[in-house]
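# Working through the structure, step by step
Listed below are the residues making up each chain.
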Amino acid sequence: MTAFLGVEASLTGRRWTGPGAEVDRQAERVAQTAGLALPLARVLAARGVAPEEARRFLDPQLRDLLPDPHRLKDMEPAAARFLAAVHGRERIAVFADYDVDGGASAALLIIWLREMGLAATLYIPDRIDEGYGPNPAAMAGLAKAHDLILCVDCGTLSHEAIAAAAGTDVVVLDHHLGGETLPPALAVVNPNRQDETGELGHLCAAGVVFLILVEANRQMRAAGATGPDLMGLLDLVALATVADVAPLIGVNRAFVRQGLKVMARRERIGLAALADVARMDQAPTAYHLGYLLGPRVNAGGRIGAADLGARLLATADPHEAAALAERLDALNTERREIENRVREAALAQAEARGTEAPLVWAAAEGWHPGVVGIVAARLKEATNRPAVVIGLEGGIGKGSGRSVEGVDLGAAVQRLAAEGLLVKGGGHRMAAGLTVEEPLLAAAMARLSELLDRQGAAATGPRDLNVDALLMPGAASRNLVEELEGAGPFGQSAPAPRFAFGSMAISGARRVGESHLKISFSDGAGPSIDAIAFSAFDGPLGQRLVAHGGRRFHLAGRLELNHWQGRARVQMKLDDAAEA
């Protein structure tokens, strides 16, 4: 296929690709059948949306996309036991992971139970002292004082810990990759159990929890009772879905689209307080969930008290909400400072080791385990390779990994644990966690690299940059941007549309902040458009465009509305450029 605009090697070393002739023909059919603007039709055609499905795709509804909860194994006994505990006024504990998905899942249950007149015990393990997931001591302690323990966003691989809760029923609501055997729980509801079809494998834990609440409400309705409102809980499901980088396909699109509408009403006082400290001054979008709210909810589990995020999401007290939001915002600032130090050291180590192998990894004494996952994500973005970052302390390494599309990191890490090279490890396709003894570190990483190589991880060079369409500056209107947003939400497995602007004149190129670039561009005849390229000076993009010398460039990026002082103006997030 011919490179788009003839760009074989851009300023960042990437080849630009565009839609083929068949996508162009399909876009024409979508535009005519659905009555849509051609740029929007091109986006839908590139995503495989049929002309007759276009209007429904643009308006995803839960009534059309919500799966029957019974499609998940163990759902019926899990919901029945949950309701029996509610009706019997039993003592219920919620054991949750310390990330956004775990916190939101816990909050869903706590809020639902509170509306039923029950107060649940929240338990979130300390990341450093206890590590991920249930542990025998914690589970045994909870079992002594509770009749039912709900493990959310964890528990599928916790055989020993769940066995320690002898005498108390345990229900696991999870989405992490399962092993060959299940733990001794009453029920394990998990779309990624090995005996599941995988059709619902894109759900995060909060999605699974929402389904058990749907089933609980359904069983109550059949008995002539009314359960709590579930639609009002979709803001939590949306937050977890985006922050956990779940694929935005199927019902996840409806979760996020409808959840954003709920969030815009600001009825969840914890999220409203967090939005205020994050200085959000517009209606929430998937971007806000992933980059403003999610990191702050996560900050407690990373470097502070593990339960802060869940408590914020579940609280009904405005004063507590304000205090928790302020504390999480401060912790997030501290987290960024720690992350920057670790990122610089990890990148230097990875580059010294070489970034052409199937796996990019780095490890060092004293790296905070709360930031290794974020740093792994940064290494992955910089190298387009699966990445693992490990903090060492006392001869034990605790690490986190992030993967690229098409490479199942969770399965490889689980295989490594089964082979005895890890103390423990698991996860899902795009992310994994592991614990390794320092003497086995080099051997474990070599074996992991070998396993990832079999999946083609070494074949991923600098990524091709996919462009949806060529656009003229005069066509980049506010109306077009708002129409394009209808194809969202955008995120994992559903990237925002990217447009190219050919042979643009650049003006006002300057550095902003530490490493970002801001420019204006035009074709010389129409209006100019502002663009910003984040971290552009970490690579060649910033320096080359600042020193443009009057030369014209092809530019590629994503359009958005920049809200400032009550006005909205079209802006582009610049991804790449090439000399025209």
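Note that this is a predicted model, so its numbers are computed, not measured.

Spatial ordering of the open sheet is given by β7-β8-β9-β11-β10, a layout of five strands whose pairing is mixed. Bordering the open sheet on either side are β7 (360-365) and β10 (424-427), each of which pairs with just one other strand. Direction aside, the axes of adjacent strands within the sheet are offset by 15 degrees on average. Relative to strand β9 (residues 396-402), strand β8 (residues 387-393) runs antiparallel, the two being bridged by seven bridges. Bridging from a neighbouring strand, V388 pairs with G401 of β9. Where helix α16 (residues 372-383) meets the sheet, it contacts β7, β8 and β9, and its direction lies at approximately 45 degrees from that of β9.

Along the chain, Q543 falls in helix α20 (residues 540-546). Taking C-alpha positions, Q543 is 9.2 Å from R511, a pair spaced 32 residues apart along the chain. Among residues more than four places away in sequence, those in contact with Q543 are R511 and F537.

Before going further, it helps to examine the pairing of β10. With four bridges connecting them, β10 and strand β11 (residues 431-437) associate as antiparallel partners. Counted as the bridge partner of G425 is L434 from β11. In sequence, β10 turns back onto β11 through a hairpin of three residues.

So, on to the nonpolar core. Counting 105 residues, the largest nonpolar core has F82, L109, W112, L173, L213 and L293 as the members making the most contacts within it. Beyond its immediate stretch of four places on either side in the chain, F82 contacts L109, W112, L113, L148, L150, L213 and A216. By size, the runner-up hydrophobic cluster in this structure holds 41 residues, among which are A31, V49, A469 and L480.

Turning our eyes to something else, we now look at the pattern of salt bridges. This structure, assessed with the given rule, holds 36 salt bridges. When the shortest N-O distance is used, the salt bridge between D468 and R47 registers 3.4 Å. With D468 in the loop between β12 (465-466) and β13 (469-470) and R47 in the loop between α2 (38-46) and α3 (54-57), this pair connects stretches of sequence that are 421 residues apart. D468 sits in the buried class, given a relative accessible area of 5%. R47 sits in the partly exposed class, given a relative accessible area of 28%. One connected set of salt bridges, linked through shared partners, spans R415, E419, R447, E450 and R454.

Here helix α1 (residues 21-34) spans 20 Å end to end across 14 residues, near enough to the 20 Å set by a 1.5 Å rise per residue. Those residues of α1 that sit buried are Q26, A27, V30, A31 and A34. Looking straight down α1, one finds that the buried residues subtend no more than 140 degrees of arc, so they occupy a single side. With respect to the buried face of α1, the exposed residues turned more than 90 degrees away are Q32 and T33. Looking at the buried side of α1, the elements it contacts are α2 and α3. In the segment just after α1, G35 is the residue with positive phi, at about 65 degrees.

Calculation notes
- Residues numbered from 1 in each chain as written.
- Predicted model: local features only at pLDDT ≥ 70, side-chain atom pairs only at ≥ 80, totals over all residues.
- Heavy atoms only, no water.
- Pairing = 2+ DSSP bridges.
- Helix = DSSP H or I, 4+ residues; strand = E, 2+ residues; numbered from the N terminus.
- Axes fitted to C-alpha atoms, helices over the stretch in contact; angles between N-to-C directions.
- Contact = heavy atoms within 4.5 Å.
- Core = buried A, V, L, I, M, F, W, Y, C linked by side-chain atoms within 4.5 Å.
- Buried < 20%, exposed > 50% of the residue type's maximum accessible area, 1.4 Å probe, protein only.
- Salt bridge = Lys/Arg side-chain N within 4 Å of Asp/Glu carboxyl O.
- Expected span 1.5 Å × (residues − 1).
- Arc of directions from axis to C-beta.

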